[in-house]
Amino acid sequence: MSMEKFYLKYCNLTGKIIKSTASTELKESVKFLKWKISPEKIKSSAIVSLLAGLIFVFLLIVFSILIKYSVIHLLFLLVIPILFFYLITEYPKILMKSRATEALGFSPQIISQISIPLRMNPNLETSLAIAVESGNSEIILDLKHILWDIWSGKSKNLESELKKLADKWGKFSKGFQRSIYLILGSFHESNLKKKHES
C-alpha cells in the first residue's frame, strides 16, 4: 500500500470521531490532489491523533510515577503527538507542491505544442487537441478535462476555462500563467488587426 493510500484510509477512519474546520490552504491542497475526502476530515484526524498521543503519553507518565520510575525522559515523548499533528495537516500541502513541480517540468513542452500548431491554423481547440496527445502530466489531464467539457457541452467558453487553468497553475509558476494569457491575448490582437484592415 502506498503512503498516499494509507494516509487517506487513516484520515477516513479517524476523521469521523470529531468535527473540525480546515484552513484555506488545506482545502486548496485537497482540491488540487482531487482526493475524495473532505479537508475537515483531515483536520479532525490530525486533532484525534494529537489527543490520542497526548493521552497515551500522560498514561505512561502516570504509570511511571506509580512504579516510581523516572519520568523526565518520558516528557520527550510529548513531541511525537505534536509531530503527528503537523505531518497529517502538512502532508497534502507538501504532496501538492511536489506534484505541481513535477507537472510544471513539462510546461515549456506543453506551451510549445499549443503555440506551434496555432501558427499554421489559428484554432485554439485544435491546438489543444494536438497538445493533449503528448503525455499524461497533471496539466495535460486538466487540458483533456477542459476539452471534454467543451465537446460534451458542459462548458461553452474555452477561453474562460483556460484562464481558470492558468490561474490554478499560476500559483506555482507565473511563467506558465503568463504564457497561457499571452496565447489567449494573441487571438484578440489578430481579431483587432482584422477589424482595422476591413
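Keep in mind that this is a model prediction, so the values were computed, not measured.

Draft legend 1. Just unusual backbone geometry, in detail. Notably, K34 is not glycine yet its phi reads approximately 60°, a positive angle. If you trace the backbone, K34 turns up in the loop between α2 (24-33) and α3 (39-66).

Draft legend 2. Up close: α3. Compared with the 40 Å implied by 1.5 Å per residue over 28 residues, the 41 Å span of α3 between its first and last C-alpha is a close match. Here α3 has its buried residues at P39, I42, S44, S45, A46, V48, S49, L50, G53, V57, I61 and S64. Considering only its buried residues, α3 is in contact with α1 (3-14), α2 and α4 (79-104). Just downstream of α3, K68 is the residue with a positive phi angle, here 60°.

Draft legend 3. Quick peek at the side chain of E161. Mapping E161 onto the fold places it in helix α8 (residues 158-170). With near-sequence residues (within four places) excluded, E161 lies in contact with I146 and S155.

Criteria and cut-off values
- Residues numbered from 1 in each chain as written.
- Predicted model: local features only at pLDDT ≥ 70, side-chain atom pairs only at ≥ 80, totals over all residues.
- Heavy atoms only, no water.
- Helix = DSSP H or I, 4+ residues; strand = E, 2+ residues; numbered from the N terminus.
- Expected span 1.5 Å × (residues − 1).
- Buried < 20%, exposed > 50% of the residue type's maximum accessible area, 1.4 Å probe, protein only.
- Contact = heavy atoms within 4.5 Å.

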